[in-house]
Amino acid sequence: MARSVSDLELMMGVWASPAQYASDRLIPPVPWDHEAYLAASKPAQGRGGRRLKFGYFESDGWFDPSPANARAVQEAAAALRAAGHEVVPFSADEMVESALLFVGLLAADGKFRQYITALEGEALHPNYAFLAKVASLPNWARPLLARVLGGRKAALVRAGCEKSAREFWAATAQRDIIRKRFAARFDEAGLDALLCPSLGLPALPHGASHMLNQCCSYTYVWNNFDMPAGVVPVTVVRDDEQAYPSTAHADDISRRAAEAMRGTAGLPVGVQVVSMSWQDERCLAAMRALERALEQAGHETPSPPAFGFA
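Residues numbered from 1 in each chain as written. Predicted model: local features only at pLDDT ≥ 70, side-chain atom pairs only at ≥ 80, totals over all residues. Heavy atoms only, no water.

Chemist: I keep staring at the pattern of salt bridges and nothing clicks. Help me out?
Modeler: If the charged atoms of two oppositely charged side chains come close together, the side chains can form a pair. The final tally for this structure, using the stated rule, is 19 salt bridges. Glu94 is the partner of Arg185 in a salt bridge, and the nearest nitrogen-oxygen pair spans 2.7 Å. Taken together, the residues span a long stretch of sequence, with Arg185 in helix α10 (residues 165-188) and Glu94 in the loop between β2 (86-89) and α5 (95-106) at a distance of 91 residues. Side by side, Arg185 and Glu94 carry an identical accessibility label, which is buried. When the shortest N-O distance is used, the salt bridge between Arg255 and Glu259 registers 2.7 Å. Residue Arg255 and its partner Glu259 are located together in helix α12 (residues 252-261), separated by four residues, close to a single helical turn. Taking the relative accessible area as the measure of exposure, Glu259 reaches 34% and is therefore partly exposed. (Salt bridge = Lys/Arg side-chain N within 4 Å of Asp/Glu carboxyl O. Helix = DSSP H or I, 4+ residues; strand = E, 2+ residues; numbered from the N terminus. Buried < 20%, exposed > 50% of the residue type's maximum accessible area, 1.4 Å probe, protein only.)

Structure representation (structure tokens):
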């Protein structure tokens with residue numbers, strides 16, 4: 001969305017402004033608190049600085065991160081510690097169940113109806129053809145297909161079934177139970193923010209996303225929990241990291257991930273920073289702390305080229 005955290009903070013001040021709320025009375029009038037952002041984003045060291053506490057995990061247990069994506073989290077944690085912040089491990093206990101619930105809630109209407117309706121008559125993009133076929137499977141066939149596929153694909157086939165209104169609300173209630181449990185662990189640990197991979201892989205080759213959308217599980221969870229999250233660029237893929245040595249899952253998804261990693265040297269890799277719901281100022285402040293810590297550590301973080309015209 002922007003080239004720096006400061007630009008994002010400026011953008012939030014515009015988005016969450018009185019003028020915006022006046023234009024749409026149905027939006028909850030929660031103004032952007034610039035002073036709260038400034039107070040939370042003061043450097044950890046020095047007079048008046050605030051020491052933040054970060055939790056972190058490298059894998060969500062569903063989609064193993066590539067070596068570069070895992071290293072980016074490690075380097076972000078090390079830079080924050082060097083800058084005077086506290087960084088502690090945090091388990092990803094709720095991540096797999098939440099990711100599957102997210103898939104189940106999105107697919108609850110069945111047959112890709114919400115996507116097709118939103119197109120208003122336009123043709124479905126070919127990249128969505130496979131997902132549309134999976135969504136259109138009759139529920140009676142899903143257990144049989146799941147037994148044939150096994151592993152993660154079986155879990156996705158089961159999760160993506162069409163649901164009755166009662167089943168949909170039951171899944172929503174289960175989502176809320178998991179979110180409450182996660183929030184309790186977050187608060188008990190005294191965290192300001194959480195670090196994790198932004199995706200399981202770097203940027204994907206063109207045309208590969210429809211078979212590798214599960215690498216986005218690291219973002220599904222925060223959408224599902226309604227928690228603010230942002231990504232800070234940290235590093236690039238090294239020459240010796242153009243592989244995908246999955247240890248937890250040896251399946252077709254991992255095979256495709258290994259194919260996608262070929263030729264990725266030099267691609268940018270970011271780290272996701274997450275805060276609790278309604279704490280967008282704290283999320284951006286934590287992102288600013290990471291951005292500053294990386295600068296202090298001498299990291300040459302990837303940056304998009306300047307806009308211009310030939």
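After presenting the structure, the write-up continues.
Chemist: Help me out: how do you make sense of a nonpolar patch on the surface in this one?
Modeler: There is a patch of nonpolar side chains on the surface, built from Leu106, Tyr115, Ile116 and Tyr128 and spanning about 340 Å² of accessible area. By the secondary structure assignment, Tyr128 is in the loop between α6 (113-118) and α7 (129-135). (Patch = residues over 30% accessible without salt bridge, like charges linked within 9 Å, V, L, I, M, F, W, Y side chains within 5 Å. Areas by Shrake-Rupley, 256 points an atom, 1.4 Å probe, with all protein chains shown as cover.)

Chemist: Help me out: how do you make sense of the nonpolar core in this one?
Modeler: As a rule of thumb, soluble globular proteins bury nonpolar side chains together. Counting 75 residues, the largest nonpolar core has Phe63, Leu195 and Trp222 as the members making the most contacts within it. For this core, the leading source of residues is helix α13 (residues 280-296), giving nine residues. (Core = buried A, V, L, I, M, F, W, Y, C linked by side-chain atoms within 4.5 Å.)

Chemist: Help me out: how do you make sense of the packing of α10 against helix α11 (residues 217-225) in this one?
Modeler: The relative placement of two packed helices is expressed as an angle between their axes plus a distance between the axes. Here α10 crosses α11 at 100 degrees, and the two axes come no closer than 10 Å. Here α10 lies roughly perpendicular to α11, going by the angle between them. Across from Arg175, Ile178, Arg179 and Phe182 in α10, the residues of α11 making contact are Trp222, Asn224 and Phe225. Here the contact of α10 with α11 is built from residues that sort into four nonpolar, one polar and two charged. (Axes fitted to C-alpha atoms, helices over the stretch in contact; angles between N-to-C directions. Parallel < 35°, antiparallel > 145°, perpendicular 65-115°, else oblique. Contact = heavy atoms within 4.5 Å. Nonpolar A, V, L, I, M, F, W, Y, C, P; charged D, E, K, R; others polar.)

Chemist: What am I meant to see in unusual backbone geometry here?
Modeler: With glycine set apart, most residues show a phi of negative sign, and most peptide bonds adopt trans. You will see that Phe112, though not glycine, has its phi angle at about 60 degrees, which is positive. Summarising the element assignment, Phe112 is placed in the loop between α5 and α6. Exposure remark for Phe112: the relative accessible area of 9% places this residue in the buried category. One non-glycine residue with positive phi stands out, namely Asp226, at about 60 degrees. Along the polypeptide, Asp226 turns up in the loop between α11 and β4 (229-236).

Chemist: Is there a simple way to explain the layout of surface pockets in this structure?
Modeler: Gaps between atoms show up when a probe of the same size as a water molecule is rolled over them. In this structure, the largest pocket spans a volume of roughly 1,200 Å³. Taken together, 40 residues line the largest pocket, and the ones lying closest to its centre are Leu8, Ala229, Gly230, Leu284 and Met287. If you list the elements that add at least two residues to the lining of the largest pocket, you get α1 (5-15), β4 and α13. Here the lining of the largest pocket takes eight residues from α13, the largest share from any one element. Broken down by class, the residue content of the lining of the largest pocket amounts to 28 nonpolar, six polar and six charged. Empty space within the second largest pocket amounts to approximately 820 Å³. Lining the second largest pocket are 34 residues, with Val103, Leu131, Val134, Asn213 and Gln214 positioned closest to its centre. Counting only elements with at least two residues in the lining of the second largest pocket, the list comes to α5, α6, α7, α8 (142-149), α9 (151-159) and α12. Here the element with the most residues in the lining of the second largest pocket is α7; it accounts for four residues. Classifying every residue of the lining of the second largest pocket by side-chain character gives 22 nonpolar, seven polar and five charged. (1 Å grid on protein atoms, 1.4 Å probe; cavity = no way out; pocket = protein on both sides within 12 Å on 5 of 7 lines; lining within 4 Å. Points joined across faces, edges and corners; volume = space filled by probe spheres on them.)

Chemist: Just checking my understanding: could you explain the sheet that holds β2 for this structure?
Modeler: Backbone hydrogen bonds hold the strands of a sheet together, and the pairing may be parallel or antiparallel. Taken together, five strands build an open sheet; the order of strands is β2-β1-β3-β5-β4 and the sheet is mixed. Each edge of the open sheet carries a strand with a single partner, namely β2 and β4. Each neighbouring strand pair of the sheet contributes to a mean axis angle of 30 degrees, computed without reference to strand direction. Bridging between strand β3 (residues 193-197) and strand β5 (residues 268-274) involves four bridges; their strand directions are antiparallel. Within the sheet, the bridge partner assigned to Cys196 lies in β5 and is Gln272. Along the sheet face, α11 touches β3, β4 and β5 and points at about 25 degrees away from the line of β5. (Pairing = 2+ DSSP bridges.)

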